[in-house]
Amino acid sequence: MSKGLRVITNHPTGQTSSIDGPAYVRIGERVRRLQAEAEQLAREHIGVFTANLLQAQRLAEEIAVGGEAYPPGVREIARRMAEENQVKLQALEAIMARR
């Protein structure tokens, strides 16, 4: 009788193990840990992005109501940007709240 086929993985240490062996489990755990770390870093990056959008919105609001010192076209662009950023910030918050 012939033996059944087995999947063999190469471990970074040079060892080989079957798919149900300890090296395979360690790799799976490592993948899950790296995925969790990547998700955490992405959340932090989104936080920085959101903070920068908020800062840009505040700056745009200041320029929009800055009076005659700013040209009318600049004030109008700033006003629109402030409104658009508010909508984008709300969308980001809603997306992140679902996670």
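Before reading on, note that the structure itself is shown above.
Residues numbered from 1 in each chain as written. Predicted model: local features only at pLDDT ≥ 70, side-chain atom pairs only at ≥ 80, totals over all residues. Heavy atoms only, no water.

Structural notes on the overall build of the protein
For clarity, the cut-off: Helix numbers and strand numbers start at the N terminus; a helix is a DSSP run of H or I with at least 4 residues, a strand a run of E with at least 2. We call a residue buried when its accessible area falls under 20% of the maximum for its residue type, exposed when it is over 50%, and partly exposed in between, using a 1.4 Å probe and counting protein chains only. Residue contacts follow a heavy-atom distance rule, with two residues in contact if any of their heavy atoms lie within 4.5 Å.
Looking only at helices and strands, the protein has 2 helices and 2 strands in total. Counting from the amino terminus, the protein carries its helices and strands in the arrangement β-β-α-α. Relative to its 99 residues, the protein shows a buried fraction of 15%. For the protein, contacts bridging at least 24 residues in sequence account for 30% of all contacts bridging at least 6.

Digging into helix α2 (residues 72-98)
Count 3.6 residues to each turn of an α-helix, and residues three or four apart come out pointing the same way. What counts is decided by this rule: A helix is expected to span 1.5 Å for every residue after the first.
Given a rise of 1.5 Å per residue, 27 residues ought to cover 39 Å, and the 40 Å separating the end C-alpha atoms of α2 matches this to within 8%. For α2, the set of buried residues is Arg75, Ala78, Ala82, Asn85, Leu89 and Leu92.

A few points about the environment of Val65
Considering the arrangement of structural elements, one finds Val65 in the loop between α1 (22-64) and α2. In sequence terms Val65 and Glu76 are 11 residues apart; their C-alpha atoms lie 9.5 Å from each other.

Some details on the side chain of Asn85
Going by this rule: Residues adjacent in sequence count toward polar contacts only when both atoms are side-chain atoms; beyond that, a polar contact is any pair of N or O atoms within 3.5 Å, and within protein one must be able to donate a hydrogen and the other to accept it.
With respect to the secondary-structure elements, Asn85 resides in helix α2. Residue classification places Asn85 among the buried residues on the basis of a relative accessible area of 8%. Within the structure, the side chain of Asn85 is placed 3.4 Å from the backbone oxygen of Leu53, a separation counted as a polar contact.

Details of the environment of Glu62
Tracing the sequence through the fold places Glu62 in helix α1. Overall, the relative accessible area of 53% leaves Glu62 in the exposed class. Spatially, the C-alpha atom of Glu62 lies 9.1 Å from that of Arg75, the residues being 13 residues apart in sequence.

Digging into the pattern of salt bridges
For clarity, the cut-off: By convention in these notes, a salt bridge is any Lys or Arg side-chain nitrogen within 4 Å of a carboxyl oxygen on Asp or Glu.
By the definition in use, this model includes 3 salt bridges. The salt bridge partner of Glu76 is Arg79, with a shortest N-O separation of 2.3 Å. Of the two residues, Glu76 and Arg79 both sit in helix α2, 3 residues apart, roughly one turn of that helix. Of the residues examined, Glu76 reaches a relative accessible area of 31% and is grouped as partly exposed. The salt bridge partner of Arg80 is Glu76, with a shortest N-O separation of 3.3 Å. Within this pair, Arg80 and its partner Glu76 are both found in helix α2, separated by 4 residues, close to a single helical turn. By relative accessible area, which is 40% here, Arg80 ends up partly exposed. Because the salt bridges share partners, they merge into one network encompassing Glu76, Arg79, Arg80 and Glu83.

Purely spatial values, then, with no claim about function.
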